[in-house]
Structures are given as structure tokens and as C-alpha cells.
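# What the coordinates show
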Amino acid sequence: MTNLRAKALALPMLPGVYLMKDAKGGVLYVGKAKNLRARLCQYFTAQGLQGHCYIGLGLQHVADFDTIITGSEYEALVLEQSLIKQHNPKYNLCLKDDKGFLFLRVTREDWPRLSIAQRQADDGAAYYGPYTDRGAFRLAVDEAQQIYQLPTCSKTFPRDIGKGRPCLQHYIKRCAAPCARKLKHAEFVQSVRDAEKYLSQGSAQAERELRRAMELAAEELQFERAAQLRDKLHALEKLKEKQHVVSVNVEDQDVFALAADAKQACLTVLRFCEGKLCDSENFFLARIEPLEEFRQVLLERFYSSRDVGRLRRVVLDGPTQSPELLAQWLTDIAGHKVEILVAQKSEPARLVDLARQNAVEQLANKTGRQGGKQFAALEELARMLGLPAPPETIEAYDISHTGGADTVAAMVVFKHGQPFKAGYRRYAIQGQGNDDYAAMAEVLERRLSRLEEMPAPELILLDGGIGQVHAVQPVLARHGVVIPVFGMVKDSKHKTRAIAAGGGGEISFNATKQAFALVTKIQDEVHRFAVAYHHTKHKKTTLDSELMGIPGIGPARVKALLTHFKTLKAIKAATQEELAATPGMTKPTARWVWEHFQAGE
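Let us look at the structure shown here.

## Observations regarding the overall build of the protein chain
- Along its length, the protein chain carries 19 helices and 19 strands.
- Going through the 601 residues of the protein chain one by one, you find that 48% of them count as buried.
- A separation threshold of at least 6 residues defines the contact pool for the protein chain, and within that pool the share at least 24 residues apart is 61%.
- Carbon together with sulfur atoms contributes 52% to the accessible area of the protein chain, which is approximately 30,300 Å² in total.

## A word on the pairing of strand E12 (residues 393–402)
- Counting buried residues along E12, eight of its 10 residues qualify, which places the element largely inside the surrounding structure.
- Two strands pair when backbone bridges link them, and E12 and strand E16 (residues 459–463) are joined in this way by four bridges, in the parallel orientation. Counterpart to Ile394 in the pairing with E16 is Leu459.

## Concerning the sheet that holds strand E1 (residues 16–21)
- Strand order across the open sheet formed by three strands is E2-E1-E3, with antiparallel pairing between neighbours. Every other strand in the sheet has two partners, leaving strand E2 (27–33) and strand E3 (64–69) as the edge strands with one partner each. Across the sheet, the mean angle from the axis of one strand to that of its neighbour is 20°, orientation sign disregarded.
- Taken together, the six bridges between E1 and E3 define a ladder with antiparallel strand orientation. Bridging from a neighbouring strand, Lys21 pairs with Asp64 of E3.

## Remarks on unusual backbone geometry
- Note the cis peptide between Phe157 and Pro158, where omega equals 5°.
- The topology assignment puts Pro158 in the loop between helix H4 (134–147) and helix H5 (168–171).
- Unlike most non-glycine residues, Asn88 shows phi in positive territory, near 50°.
- Examined against the element boundaries, Asn88 turns out to sit in the loop between helix H3 (73–87) and strand E4 (102–106).

## Regarding the packing of helix H9 (residues 291–303) against helix H10 (residues 323–334)
- Interhelical geometry of H9 versus H10 gives an angle of 5° and a closest axis separation of 11 Å. In terms of orientation, H9 and H10 fall into the roughly parallel class. Of the residues in H10, those in contact with Gln296, Leu299, Glu300 and Tyr303 of H9 are Pro323, Leu325, Leu326, Trp329 and Leu330.
- Grouping the constituent residues of the contact of H9 with H10 by class yields seven nonpolar, one polar and one charged.

## Description of helix H2 (residues 36–43)
- Within the span of H2, buried status applies to Leu36, Arg39, Leu40, Cys41 and Tyr43.
- Buried-residue contacts for H2 involve helix H1 (2–9), E1, E2, E3 and H9.
- Sitting at the head of H2, Asn35 places a side-chain oxygen 3.2 Å from the backbone nitrogen of Arg37.

## Considering the sheet that holds strand E11 (residues 339–342)
- Taken in spatial order, the five strands of this open sheet run E9-E8-E7-E10-E11, and their pairing is mixed. Every interior strand has two partners, whereas the edge strands, strand E9 (276–286) and E11, have only one. Pairs of neighbouring strands in the sheet enclose a mean axial angle of 20°, with direction left out of account.

About the criteria used
- Residues numbered from 1 in each chain as written.
- Predicted model: local features only at pLDDT ≥ 70, side-chain atom pairs only at ≥ 80, totals over all residues.
- Heavy atoms only, no water.
- Helix = DSSP H or I, 4+ residues; strand = E, 2+ residues; numbered from the N terminus.
- Buried < 20%, exposed > 50% of the residue type's maximum accessible area, 1.4 Å probe, protein only.
- Contact = heavy atoms within 4.5 Å.
- Areas by Shrake-Rupley, 256 points an atom, 1.4 Å probe, with all protein chains shown as cover.
- Pairing = 2+ DSSP bridges.
- Axes fitted to C-alpha atoms, helices over the stretch in contact; angles between N-to-C directions.
- Parallel < 35°, antiparallel > 145°, perpendicular 65-115°, else oblique.
- Nonpolar A, V, L, I, M, F, W, Y, C, P; charged D, E, K, R; others polar.
- Polar contact = N/O pair within 3.5 Å; in protein donor to acceptor, adjacent residues only side chain to side chain.

The analysis is restricted to geometry; functional conclusions fall outside its scope.
So this is what it looks like as C-alpha cells:
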């Protein structure tokens, strides 16, 4: 470590590429840096590769490193991608697509067939590809088969022609049924050729050609031919309606969103082709900070093995480390301008929300949670409050009293967005008076003094505004605990309205429906728990006060009477003999109790 750090300190402060190597000289990892000395010195410290765990590389494997100085950071990026493809390093594979490419296979027989193939074979068929966007390609092939009504069954032509009735695919207008002689041989061959054109030229060009051919057939009075072309055109239009346009401003774009908990993250990519959602991919990785660098690395890895020929825009859910560098690199690869956009509002924000919903659901399933709804609310709440990760455990506090009497506090716990009732606690406030701030500070003092019994939460919510938040901050500081604390502000109807932050401002719920529902649920639950405890305590105080006013009755006999009779109503209905039979009671005190209630009636 000392030698490697000394070597790193001797590097120039210039852009370049570095290659981490093992003891045998094998390349473990290839990276780039705007400043080689600063980046390599970050690695070779006492903390090692902390903060760079997307590499997944332990320093114990690194025996040496080489560097290549470049003229700019952009040249370093291009060289980095080239070296990764050349050396195929073990620790640069976090987003490598292992699904392989697809090919379009068209047989060269008398009755040609169109299908999808995983690889090319020496079988005389024509192969088109490879296609890197598997989802988009499968969707396009399915569209072509529907529009041109090509058979997708296992029947062989001409062997199986005339041997049975048409199947269901024919009756729902997805197959022209050449097996039942519903389609002539020449027409079938032409349909296959048209499908090839559709897949090679795109649906827009195919629609224009179909329309021209239909109009030409009508002018030449070939009405049967024109009707067939009209049906195909209608099928194409109907398919476009079913697969409605999701994005209208930019037809070909990729939308990225990250969902992360404290340990891992899910990157979801939604790919839009001709304005329609045509493919999606999900990648699971260890969570790292800072997120700007994380996104930068993920995008570089993603596009290093994908076709970007049609890409026009990349929409992100947050900033990257070097957006200009990324845009320049993608522009050069695509051969036209590619825009990098961080979604803020309108359509990009809507698409990012769609991607984030998918990422949240995927991460929830990956981590074994019951569903993504609660995690989505937590993730939304974390973004709203500026938390580093969705809080797994939330504690909420509320104070309840009647005119300053019988003041109590309640604490409820939510884990993974659900009530955790084993963690609920009730506190009888020891201080006197109608001071909610002092009561809140007291209950936090008592809670934090027992952290060894229950670990600290990731978030504390207080029923109240900025006053409650300011009241407990000195308590947290005194205990040396760093926990985000926010107040739950209510409106005049006692409904959740906003979140009060420590700086004095309020965070609105206008655009955060899932977080609003979660905070409302927490606030309602802690209020219910606090009020229920206060009612119990107040009722007992009332009972104690009424009994304590009787001569000869003290705290011990009050407890004995309530233990024996359970309720005040039962005590009032008891006879002198029944009252005297209570442990600790005498005949005179029993008579005084009986006379007290009889006189009251």
C-alpha cells in the first residue's frame, strides 16, 4: 500500500486512464480520471476503495497499476472504453449485458418463414442483425407478423396445406391462413418480403408504402388488391393505437432512474422507439456515494455495449459527474447530437417517474419485501426530505393532555413503511403544566437514554411544527446522536398539511402523494395511540380523585377497591358487607364509602 501510494503521488495532475493489475500482470480494472494523481491517491489510503465499491475490487488483489496520459478527459473516456473491450477486466462488468444479441431469420425456401434466432447458422437462410435491443426487436417482429398476417405456428408448407380448418389466429385476423388456401402462394411470398421491409425500414416507411400501393391499386381498378392493402394499413393503425405514443417530443430516447435503500440500488432503463416504450432493463448494484459519480459510471458502462444509432436524448433522474463529457461521447458514437437532460418538469419528469416506479418495484421484489408500494412511499419521502436513503425505521411522537392535566406522550414505530407495534412505547410525562415543547423534549430525553435497548431510527417525526423540532434538537446534540427530525404540521381540520424542517421552512406535499399517504398514516397512528393512553390515565385520575375524597380512603384502599370491583359503577352498587369484604377495608370505612355514594344519589 505504501509503495502504491508513493507511485500515485508521483503522477501528474492530468487526465488519463489507469489499469489496476494483479501480481501476474493481469488487468483487474480499467478506469479514467480527470486528475490521475487525485484519483489514484483516493484509492491507496487507509480506507482503501471505500466510496468506490461499484468497482467491487479489494486492494488486496492490486499489485501494481499503469497509467496512460491523454490530452483531455474526453480522450480518456474513449480510451477507457477501448481498453475495457480489449482486456475485458473482471471488475468492469457491472452492467455488461449477458443476454446476447438476436437475429432476424428468413428462410430461402418456396414458402419462406420469418422468425427470431439466437445465433446465425449455416442453413441457407438469410440473417439480419445482430439486434442489440432485444425487447424492441421482439416487439417489431410481432408487429410485422400481425400486420402482414404471417403464420407463427409449426405447420410446414406446402405439406400441411388443405389438411385442416384455419386456427383461431385466422379468425382474430392475425394470420392469413395459407394452410386453408386462404392466401395464394405469390401473395404469401410478397407478405414475407413486405415484413422484411417493415423490419428494415421501420413502421413509418411501411405505412407510407402501404398507402401508396393501396392508392395505386385503386387507380388501376384492382379493388381486391386495394382492399387487402387497406386491411393491412388498418391493422398497422390499430396496432399503433394499442401501443399508444408515450413520448411525443423526442421519439427515440432512454430514460434512467435509480431506486436505492441503505445497501443496494436498482437502475431501471426505459427505452423509447418512435415515441413508444419498446424495452426496459434493470440492473442491481451495491449502493455507493456520491450518486453523481455513480450515475456517470453506470451510463458509461451501459452505452459501451449498446447501439446508440437512433438515440436522440437521455433523460436522468438526477445529475451526473460530467454531463457535457457524456453528451459529447454519445454524440460522436451516434453520429448526431444526443442530449443529456435531468428531468425537472413536464414530459421528462413524467417519464422519469414511470422509470422510478419500475425501479422501486424491482428493488422491493429483489430485497424480499411484500410489495413496492411502501418502499415507493419511503423512497419518495427520502427524496422529499433530502435523506441519503429511504428510512427503514421511523419513530413518531405525540403529546396528549387535558388542559395541562394528565400529560402523556406516545411513540409509534414504523418499519419498512408498516406499523411495528412491538416497538410502541407510552410515557407519563413527569413535568407539570401545559408545555408541549418541554414534554416533547422530556420524552426524547428518556427515549435516547435507552438506545442500547432499541437502536436509533433513521428518521424521527414529531406531531407539531417547528417549535417541537427546535425543542428536541438540543436533546439529540447532548446525546451525540445524528438523526433527521421533522415536524408533522396539521391544518385547521387536524389533517396532515406539510412537513416542518429544522431550518424553519415547510415542505409541501403537493407533488408527493405516496409520501403524503405514509406521513398521514403515521400521524394518525401516533395521535390515536397518544389519545388512547391519555384517556386511560385521565379516567384513572378521575376515579382516584372521587374515591380519595371519602374519609378513611387513601391510595392503598383506592387500589384495593378498584382491583376488587374493577369499575366505579360496581363500587357504587356494592353493599356495606361487600365493601367491608374487600382486602384492607374495615366496617367503618365501608360504611363511609357506602354513605358517600348513597348521599350522592
